[in-house]
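# Working through the structure, step by step
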Amino acid sequence: MIIDSHCHLYDDKLTSIRDEILDNISKNRQICVCSSDNPANSKKSLDLAIENKFVYATVGTHPHEAEFFREEDLKIYEQMCKNKKVVAVGEIGLDYYYDFSPREIQKEVLIKQIAFANKINLPCVFHIREAMEDFLKILKEYKNLLIKPALIHSFSGSIEVAKILLKYGFYLSFNGIVTFKNANKILDVVRFVPMDRILIETDCPYLTPVPFRGSVNRPEYVKFVAEKIAELKGLTTSQVIDITTNNAKKFFSIEE
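Here, residues in each chain are numbered from 1, in the same order as that chain's written sequence. Only residues with pLDDT of 70 or above have their local features reported here, since the model is predicted, and side-chain atom pairs are shown and tallied only from 80 upward, although totals for entire chains, interfaces and linings are computed over all residues. Note that water and hydrogens are dropped before the side-chain values are worked out from all heavy atoms of the structure.

A few words now on the overall build of the protein. Within the protein, the regular secondary structure consists of 9 helices and 8 strands. Only C-alpha atoms enter the radius of gyration, while the globule expectation follows 2.2 Å times N to the 0.38, with N the number of residues. In terms of overall dimensions, the protein is globule-like: its C-alpha atoms have a radius of gyration of 17 Å, near the 18 Å expected for 256 residues. Considering only C-alpha atoms, the protein reaches an extent of 45 × 40 × 35 Å along its principal axes. The buried label applies to any residue whose accessible area, calculated with a 1.4 Å probe on protein chains only, is under 20% of its type's maximum; exposed applies above 50%, and partly exposed to all values in between. Looking at the protein as a whole, 57% of its 256 residues are labelled buried. For this analysis, residues touch if any pair of their heavy atoms sits within 4.5 Å. A fraction of 73% describes how many contacts in the protein between residues 6 or more apart in sequence connect residues 24 or more apart. Side chains of the protein carry 34 positive and 35 negative charges; the gap between the two charge centres is 4 Å. The secondary structure listing takes helices from DSSP runs of H or I that are at least 4 residues long and strands from runs of E that are at least 2 residues long, numbered from the N terminus. In this count, Lys and Arg are taken as positive residues and Asp and Glu as negative ones, while His and the chain termini are left out. Every charge is mapped onto a representative atom, which is NZ of Lys, CZ of Arg, CG of Asp or CD of Glu.

Here it is in structure tokens:
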């Protein structure tokens, strides 16, 4: 069994191949955690999780969508979280690369959702891009609200940042970026991070790994991430798959 800890199975880019993907997930007994970005897509994620045994969902408002966030969204998410197929709040965070939502609003919405996750006793899955300094400030101020270990998906920070996050008990997730030619910095981070804190993901349909870069990403391609991490860590691919699968099960409280 292998776990894709972060994908977007509802994405329109997968419409023509979604049934095939879901069939492959079932046949291969692969587990996929479908991450969300707003109430509508959170419902799509949950629906997919309910309909497919090996799919789980997260619910939440992405920083790109922060300006559209409304307080009643938390009530919608809370209702969804009553279903056991919802395993985390996410993806939430800060994105200063695109700045689709004003930064102050992003921070406000992030803090509200961290508090919400605390209230319902679920872990957080964070999206942090070009905003680590502000995120660490928020983390320091509100660390008492993170009662469960947290995860940063598609981690792209430095070793120094990784050290700080590991001290907070974070897990870090890596995807197809580790197979890219210009990924030297992140490869050093992978070498540094202990295996018991690493998860693997696709972020499909985005960030397709080599050798399929340029095409639509699929959950089954997560094995190429495992292969690269195995190379960097001096382990076998099977060892990396087993360790990251156990890490993901522990983080998301999945009992398959």
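From this point on, the discussion continues.
Any pair of Phe, Tyr and Trp rings, taking the six-membered ring for Trp, is counted once the centres come within 6.5 Å. Such a pair is stacked with planes under 30 degrees apart, edge-to-face with planes over 60 apart, and tilted for the rest. Evaluated as defined, the whole model comprises 11 aromatic pairs. Considering the side-chain rings of Y97 and Y98, the 4.9 Å spacing of their centres and the 85° angle between planes classify their relative orientation as edge-to-face. Under the relative-accessibility criterion, Y98 is labelled partly exposed at 41%. One aromatic cluster is present, built from ring pairs that chain together Y97, Y98 and F100. The cationic tip of R129 hangs over the ring face of Y97; the distance from NZ or CZ to the ring centre is 3.7 Å. Just above the ring of F180 sits the side chain of R213; from NZ or CZ to the centre is 3.7 Å. Criterion for a charge above a ring: Lys NZ or Arg CZ within 6 Å of the ring centre, and within 35 degrees of the ring normal.

Where helix α8 (residues 222-233) meets helix α9 (residues 237-252), the axes come as close as 8 Å, and the angle between the chain directions of the two elements is 110°. The orientation of α8 relative to α9 falls into the category roughly perpendicular. Crossing of α8 over α9 shows right-handed handedness. Contact residues: A226, E227, I229 and A230 in α8; T237, V240 and I241 in α9. Amino acids outside the nonpolar list (Ala, Val, Leu, Ile, Met, Phe, Trp, Tyr, Cys, Pro) and the charged list (Asp, Glu, Lys, Arg) are all regarded as polar, and Gly is one of them. The residue inventory of the contact of α8 with α9, partitioned by class, reads 5 nonpolar, 1 polar and 1 charged. Every axis corresponds to a line fitted to the C-alpha atoms, with the helix fit spanning only the stretch in contact, and the corresponding angles, defined between N-to-C directions, vary from 0 to 180 degrees. For classification purposes, angles smaller than 35 degrees are called roughly parallel, those larger than 145 roughly antiparallel, those between 65 and 115 roughly perpendicular, and all remaining angles oblique. The handedness criterion is simple: a crossing whose near helix is rotated anticlockwise from the far helix by less than a right angle is left-handed, and one whose near helix is rotated clockwise is right-handed.

Spatially, 8 strands are ordered β1-β2-β3-β4-β5-β6-β7-β8 in an open sheet, and the strand pairing comes out parallel. Strands with a single pairing partner mark the edges of an open sheet, and in this sheet they are β1 (3-7) and β8 (198-200). Think of it this way: DSSP has to see at least two bridges between two strands before they count as a pair. By the bridge criterion, 3 bridges tie strand β3 (residues 55-59) to strand β4 (residues 86-95) in an arrangement that is parallel. Of the residues in β4, the one forming a bridge with T58 is A88. The strands touched by α8 are β1, β7 (171-174) and β8; relative to β8, the strand with the most contacts, the crossing angle is about 145°.

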